[in-house]
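Now for the letters of each chain:
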Amino acid sequence: EVQDNMISSNSISKYNTDYRRYFQDTEFEKMEMSRITEESIKVFIVKTVKEQRLCKKACKTMFGYIKNTVNSARINHFIDENPMEFLEARQFYKYCEDPKKSVEKRIVSDSDMKLLSVQFRKDYKKHPGYIPTYAVHFASLTGMRVGEISALSWENIFNSYILIDKSEIYDRIEKRYYIGRTKNGRERIFPVTKEIQILLSMVKKAEEDRGFLCEWVFANENGRIHAPIISSCIKNKCKQAGIEQKGIHAFRRTVNSKLRCNGVSSTVAASLLGHTEEVNENYYTFDVSSLSEKTEQVAKIHEHMF
C-alpha cells in the first residue's frame, strides 16, 4: 500500500501479478513476520526458484519483494532484527534456469531481412493502405521501441532527424492507452536516412489518399495505430515471408548490433537507441558479422604479421 502511492498503475499491476505468482496461498505467506528466519527465507526462495524454474532476473525480483517487506517490518518495529541482513540475491542464482536464446532467435539475419523486404514490397503493392506494415518496416530501419513508433507524430519529423520524446503506454488497471514519456524519460534524436525519408513519404501519401492523415505518423481510419497492432503485424510478416517469428525488439537488437560491428561506440549506439551503455553491452550487442567479413578482418591482421 505504501508503494502504491509512489509508483504507476502499471507497476501496481505488475506487483499484484508477481504476488500471485510467488507468494499467494503459500505457507511462507502465512507465517508471522516475527517467526520468519534467515533459514525459512532460504528454503522458500530455493523451493520457489526450483518449482517455477525461475531465471536470475525473476529470482532477483522475488528476492527484492521479500527484502523490502522485511525492511518495512523492521522500520515499523514489528521485528527487532532483519533476517535478510546477510542474504544476497546472487546466492540463489545457482538454482536458476538459464533462459538465454541463441543469437539467431534474438536478431534478424541479413537473409531474413531480405525476405521481409520482399514481403514489404508485395504488401505495398497489394495493400498500400495497410499502415501497420509501414510501421514494421520503419522499426527495421530505426530500432525504435514499438510504443515510440505508435506515439510518433509528424511534428517530430524533421529534414535530417527524428525527435523521439514520447511513447504509448497502456494502463493495465484502467485499461486505456495514453501518451507518456519515453522509457528512460529522456528525448533523443535519430538521423533520417534516404531509406527512412522514402518510407515516410510513402506513409504520408498512403494516408493522404485514404483520408487517414492526422497528427500521428502511423494512423488509419480509426486514428492512431496502437503498439499491439504493430507487434502483431511483424509476426504476420514473418509468417508470410516464411521465416521464424520475431518481435519488434529483434529489430532493435539488430540495428544496435550492426552499428557496433561497424565500429560505432557503445556511447553513440546507446544514445541512438535510448538506453544506457551497460544495457547496450549486456542485452543489445551481438555478433552479426558474416564469415566473409570475419575472414576479411583476420586477413588484415595477417598482412601486418608476415
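Scroll up to find the structure.
These numbers come from a predicted model, not from an experiment. (Residues numbered from 1 in each chain as written. Predicted model: local features only at pLDDT ≥ 70, side-chain atom pairs only at ≥ 80, totals over all residues. Heavy atoms only, no water.)

Asker: Could you clarify how one ought to interpret the overall build of the chain in this entry?
Answerer: The number of helices and strands found in the chain is 14 helices and six strands. Projected onto its principal axes, the C-alpha coordinates of the chain cover approximately 70 × 65 × 35 Å. Looking at the 306 residues of the chain, the share that counts as buried comes to 39%. Residue pairs in contact within the chain that sit at least 24 positions apart in sequence constitute 64% of those at least 6 positions apart. Looking at the chain as shown, the accessible area adds up to about 18,700 Å², and 51% of this sits on carbon and sulfur atoms. Distance between charge centres in the chain, computed from 49 positive and 41 negative side chains, equals 5 Å. (Helix = DSSP H or I, 4+ residues; strand = E, 2+ residues; numbered from the N terminus. Buried < 20%, exposed > 50% of the residue type's maximum accessible area, 1.4 Å probe, protein only. Contact = heavy atoms within 4.5 Å. Areas by Shrake-Rupley, 256 points an atom, 1.4 Å probe, with all protein chains shown as cover. Lys, Arg positive; Asp, Glu negative; His and termini not counted. Charge placed at Lys NZ, Arg CZ, Asp CG, Glu CD.)

Asker: When you look at helix α1 (residues 9-22) in this model, what are you seeing that I'm missing?
Answerer: Since the α-helix turns once every 3.6 residues, residues separated by three or four places project in the same direction. Relative to the 20 Å expected for 14 residues at 1.5 Å per residue, α1 spans 20 Å between its end C-alpha atoms, a close match to the ideal helical length. Every buried residue belonging to α1 is among N10, I12, S13, D18 and Y22, and all of these are buried. In this structure, the buried residues of α1 make contact with α3 (38-52), α4 (56-75) and β2 (167-171). (Expected span 1.5 Å × (residues − 1).)

Asker: Even after reading the chapter, I still don't get the layout of surface pockets, so can you show me in this structure?
Answerer: Summary: where empty space remains is shown by rolling a probe the size of a single water molecule over the atoms. The computed volume of the second largest pocket comes to approximately 990 Å³. E1, Q3, Y65, N68 and T69 are the residues nearest the centre of the second largest pocket, which is lined by 25 residues in total. The set of elements that each furnish at least two residues to the lining of the second largest pocket consists of α1, α2 (27-30) and α4. Broken down by element, the lining of the second largest pocket gets its largest block of residues, nine residues, from α4. A class-by-class count of the residues in the lining of the second largest pocket yields 14 nonpolar, seven polar and four charged. (1 Å grid on protein atoms, 1.4 Å probe; cavity = no way out; pocket = protein on both sides within 12 Å on 5 of 7 lines; lining within 4 Å. Points joined across faces, edges and corners; volume = space filled by probe spheres on them. Nonpolar A, V, L, I, M, F, W, Y, C, P; charged D, E, K, R; others polar.)

Asker: Could you clarify how one ought to interpret empty space enclosed by the protein in this entry?
Answerer: In the structure shown here, the tally under the stated rule is one cavity of 30 Å³ or more. Here the largest cavity is characterised by a volume of approximately 40 Å³. Forming the boundary of the largest cavity are M144, E148, A151, L152, S153, N156, L163, I164, D165 and K166. Grouping the amino acids of the lining of the largest cavity by side-chain chemistry returns five nonpolar, two polar and three charged.

Asker: Explain the pairing of β2 to me, please; I cannot follow it from the model alone.
Answerer: Each regular strand shows side chains that alternate between the opposite faces of the sheet. Here β2 pairs with strand β3 (residues 176-180) via five bridges, running antiparallel. Bridge assignment links I169 to a residue of β3, and that residue is Y178. As consecutive antiparallel partners, β2 and β3 are separated by four residues, and within that stretch K175 has a phi angle of approximately 55°, a positive value. (Pairing = 2+ DSSP bridges.)

Asker: Mind showing me how you'd approach the pattern of salt bridges here?
Answerer: One pass over the structure, following the stated rule, counts 13 salt bridges. Note that E97 is salt-bridged to R53, the shortest N-O span being 3.4 Å. Note that E97 is positioned in the loop between α4 and α5 (103-106) and R53 in the loop between α3 and α4, a separation of 44 residues in sequence. Between E88 and R90 there is a salt bridge, with the nearest N and O atoms lying 2.6 Å from each other. (Salt bridge = Lys/Arg side-chain N within 4 Å of Asp/Glu carboxyl O.)

Asker: Would you explain the environment of S8 in this entry?
Answerer: For S8, the position within the fold is in the segment before α1. Relative accessible area serves as the criterion here: at 36%, S8 is assigned to the partly exposed category. Placed 60 residues apart in sequence, S8 and N68 show a C-alpha to C-alpha distance of 18 Å.

Asker: Sorry if this is basic, but what is going on with the packing of helix α6 (residues 110-126) against helix α7 (residues 131-142) here?
Answerer: When two helices pack together, their arrangement is given by the angle between their axes and by how far apart the axes lie. Two elements in contact, α6 and α7, have axes separated by 10 Å at closest approach and are oriented at 150°. With respect to their mutual orientation, α6 and α7 come out roughly antiparallel. Seen from above, α6 lies across α7 with left-handed handedness. Along the contact surface, α6 presents M113, F120, D123 and Y124, while α7 presents T133, Y134, V136, H137 and S140. Class assignment of the residues belonging to the contact of α6 with α7 gives a composition of five nonpolar, three polar and one charged. (Axes fitted to C-alpha atoms, helices over the stretch in contact; angles between N-to-C directions. Parallel < 35°, antiparallel > 145°, perpendicular 65-115°, else oblique. Left-handed = near helix turned anticlockwise from the far one by under 90°.)

Asker: I'm lost on the side chain of S266 in this one. Help?
Answerer: Note that S266 resides in helix α12 (residues 266-273). Owing to a relative accessible area of 11%, S266 belongs among the buried residues under this scheme. A polar contact is formed between the side chain of S266 and the side chain of E277, at a distance of 3.1 Å. The residues contacting S266, other than those within four sequence positions of it, are R260, E277, N280 and E281. (Polar contact = N/O pair within 3.5 Å; in protein donor to acceptor, adjacent residues only side chain to side chain.)

Asker: So what exactly am I meant to see when it comes to the packing of aromatic side chains here?
Answerer: Each aromatic ring pair is characterised by the separation of its centres together with the angle its planes make. Following the criterion strictly, the structure yields nine aromatic pairs and no others. Ring plane angle 85° and centroid distance 5.5 Å describe the contact between Y15 and Y65, whose orientation is recorded as edge-to-face. Placement of Y15 in helix α1 and of Y65 in helix α4 is noted, with a sequence separation of 50 residues between them. Looking at Y65, the relative accessible area reads 18%, which means it is buried. Aromatic side chains F63 and F92 sit 6.2 Å apart centroid to centroid with 45° between the ring planes, which places their arrangement in the tilted category. A residue pair is termed long-range when its members are at least 10 positions apart, and F63 in helix α4 and F92 in the loop between α4 and α5 qualify at 29 residues. (Phe/Tyr/Trp six-rings, centres within 6.5 Å; stacked < 30°, edge-to-face > 60°.)

By themselves, these are just geometric observations and shouldn't be taken as functional.
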